[in-house]
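Here's the letter readout for the chains.
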Amino acid sequence: MLTARFLAPARSLTRSLASIADLKKTALFDYHVENGGKMVDFAGWALPVSYPDLSHVQSHLHTRKGVSIFDVSHMLQLHIHGEDRVKFMESLIVADVAGLADNTGTLSLLTTDQGGIIDDCIVHRTTNGYLNLVCNAGCADKDLAHIMARLEAAKSSGLDVDVEIKPNHSLIAVQGPKMEGVLQGGVRDDLSKLFFNHTALVDVWGIPCRVTRCGYTGEDGVEISVPTDRTVELVEKLMAASDDVKLAGLGARDSLRLEAGLCLYGNDIDETTTPVEGTLMWTVAKRRRAARDFPGADEVMRRFKAKEGRRRVGLIVEKAPARPHYPILNLDGEVVGEVTSGSPSPCTGQNIAMGYVDIGYIKNGTSLQVQVRKKVFPATKVAMPFVPTQYYVEKK
């Protein structure tokens, strides 16, 4: 989950030291600067786009074979309390929260009454008396206003529910195939029993944390919610645990999520997009489809059955990298869609892209074209992810 377009030219990201000083800062800001992090404005936060020890491509590839630490403390973390917390949460999102096993969760969508995507989020049903919800930083103000408005209405109708902004906690993502080996040295719990989208309260090197097996890279990994005043301590412990652990920034994070076929809110999905167009109907639980009791359900299900309009697809573009808003053409030169994300893939060496096309062009292998400035380059519709994901999924 990432919500700002960092792939724009660097001059649109970097700021003077004076203006960086005006941005919101995470608990790791000084640590980033001390380690040479190139700080940029990301959704109103000062965050590192890269570090001097590794180039963007090197950092990306390192995450695929080692361990990378990403500062995601700008994300909105909420606890939903009360006897009616599940009912309230289901009035906001498309997931079957009632059907979640204890201490498990899922990616879901906040939707409007018209079925548009307000934001993507991750919700976990814990055994600690609350639901744990994480939303995008770039949508934090909008999400919080929406949730609080619905909360007021819910309370007025007699529901027992409350929303708490998780106080004094930061969030770091530890991603890569060697994550478990590194993190296991700092915990007593057996991490081999913590599967993808499972969550637990764990002491990590003696620091009380919530550890959730998830991430935004396509690799095995965790996100760790940690007391803000001990965030630097935790990162220093991780860095000291192995030479395989490196700091990583927004640059690698974005190209990793694109290879994994994951959406960037504001680029690939927004309030004009329903789960149908976004090919995210897998997030809409079977029970919720049948009951049609999530916001915008009637319109979402109408579009799902109509099989019309546009769909989000993956593309391989020959010779030139595609960027957001580049037109997608059919072989007759007619505009049939638009690129929403694109970059060279460090892992495959190909120019990969995500975008929307008319439904008649969504079959894998369909030949298309992408207009890059004044030139047109061949493209092929392909399945996503572009690189196989490595999530640590429980075997049934």
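Everything that follows concerns the structure shown earlier in this document.
Residues numbered from 1 in each chain as written. Predicted model: local features only at pLDDT ≥ 70, side-chain atom pairs only at ≥ 80, totals over all residues. Heavy atoms only, no water.

This paragraph deals with the overall build of the chain. Scanning the chain for helices and strands turns up 10 helices and 20 strands. Relative to a compact globule of 396 residues, whose C-alpha radius of gyration would be 21 Å, the chain shows 21 Å and is just as compact. Here the C-alpha coordinates of the chain stretch approximately 60 × 55 × 50 Å along the principal axes. Considering only contacts in the chain between residues 6 or more positions apart, those separated by 24 or more positions represent 66%. Here the chain has roughly 16,700 Å² of accessible surface; of this, 51% comes from carbon and sulfur atoms. Looking at the chain, you have 46 positive and 48 negative side-chain charges, and the mean spots of the two groups are 5 Å apart. (Helix = DSSP H or I, 4+ residues; strand = E, 2+ residues; numbered from the N terminus. Rg over C-alpha atoms; globule rule 2.2 N^0.38 Å. Contact = heavy atoms within 4.5 Å. Areas by Shrake-Rupley, 256 points an atom, 1.4 Å probe, with all protein chains shown as cover. Lys, Arg positive; Asp, Glu negative; His and termini not counted. Charge placed at Lys NZ, Arg CZ, Asp CG, Glu CD.)

What follows concerns the environment of D102. Structurally, D102 is set in the loop between α4 (85–90) and β6 (104–111). A residue is classified by how much of its surface remains accessible, and D102, at 51% relative accessible area, is exposed. As a C-alpha pair, D102 and L47 span 55 residues in sequence and 34 Å in three-dimensional space. Leaving out residues up to four positions away in the same chain, D102 has contacts with R125 and T127. (Buried < 20%, exposed > 50% of the residue type's maximum accessible area, 1.4 Å probe, protein only.)

Where helix α3 (residues 56–65) contacts helix α8 (residues 250–259), the two axes come as close as 9 Å, and the packing angle between them is 55°. Here α3 lies oblique to α8, going by the angle between them. When the axes of α3 and α8 are compared, the crossing they make is right-handed. In this structure, α3 contributes H56, S59, H60, T63 and R64 to the contact, and α8 contributes G251, A252, S255, L256 and E259. A per-class count over the contact of α3 with α8 returns two nonpolar, six polar and two charged. (Axes fitted to C-alpha atoms, helices over the stretch in contact; angles between N-to-C directions. Parallel < 35°, antiparallel > 145°, perpendicular 65-115°, else oblique. Left-handed = near helix turned anticlockwise from the far one by under 90°. Nonpolar A, V, L, I, M, F, W, Y, C, P; charged D, E, K, R; others polar.)

This brings us to the pattern of salt bridges. Evaluation of the coordinates by the stated rule reveals 19 salt bridges. Here R64 makes a salt bridge to E219, at a shortest N to O gap of 3.1 Å. Of the two residues, R64 sits in helix α3 while E219 sits in the loop between β12 (207–212) and β13 (221–227), which places them 155 residues apart along the sequence. Exposure class is identical for R64 and E219. Each is buried. The partner of E308 in a salt bridge is R302, and the shortest N-O contact between them spans 3.7 Å. Given the relative accessible area of 45%, E308 is considered partly exposed. What makes R302 partly exposed here is its relative accessible area of 41%. (Salt bridge = Lys/Arg side-chain N within 4 Å of Asp/Glu carboxyl O.)

This model, assessed by the stated rule, comprises three cavities of 30 Å³ or more. Approximately 90 Å³ is the volume attributed to the largest cavity. Counting only elements with at least two residues in the lining of the largest cavity, the list comes to β7 (117–125), β8 (130–135), β12 and β13. A per-class count over the lining of the largest cavity returns four nonpolar, five polar and two charged. (1 Å grid on protein atoms, 1.4 Å probe; cavity = no way out; pocket = protein on both sides within 12 Å on 5 of 7 lines; lining within 4 Å. Points joined across faces, edges and corners; volume = space filled by probe spheres on them.)

A few words now on the sheet that holds strand β10 (residues 169–175). What the six strands build is an open sheet, ordered β11-β12-β13-β10-β4-β14; its pairing is mixed. Both outer strands of the open sheet, β11 (199–204) and β14 (245–247), are each paired with one neighbouring strand and no more. Strand-to-strand twist across the sheet, computed as the mean angle between neighbouring axes with direction ignored, equals 30°. Along the sheet, helix α7 (residues 231–241) makes contact with β4 (67–71), β10, β11, β12, β13 and β14, crossing β10 at roughly 15°. (Pairing = 2+ DSSP bridges.)

Moving on: α3. Residues of α3 that are buried include every one of S59, H60, H62, T63 and R64, and no others. Each element contacted by the buried residues of α3 is listed here: β4, β10, β14 and α8.

Let us look at the packing of aromatic side chains. Tallying each qualifying case throughout the model produces two aromatic pairs. Ring centres 5.3 Å apart and planes at 15° place the aromatic pair F195 and Y392 in the stacked group. Of this pair, F195 sits in the loop between α6 (179–184) and β11 while Y392 sits in the segment after β20 (375–382); the two residues are 197 residues apart in sequence, bridging distant segments of the chain. For the pair F196 and Y391, a centre-to-centre distance of 4.4 Å together with 20° between the ring planes defines the contact as stacked. One end of the pair, F196, is in the loop between α6 and β11; the other, Y391, is in the segment after β20, and 195 residues separate them in sequence. For F196, a relative accessible area of 26% gives the class partly exposed. Residue classification places Y391 among the partly exposed residues on the basis of a relative accessible area of 23%. Note that K25 overlies the ring of F29, its terminal NZ or CZ placed 5.3 Å from the centroid. The ring of F304 has R289 sitting right over it, with the charged end atom 5.1 Å from the ring centre. (Phe/Tyr/Trp six-rings, centres within 6.5 Å; stacked < 30°, edge-to-face > 60°. Lys NZ or Arg CZ within 6 Å of the ring centre and 35° of its normal.)

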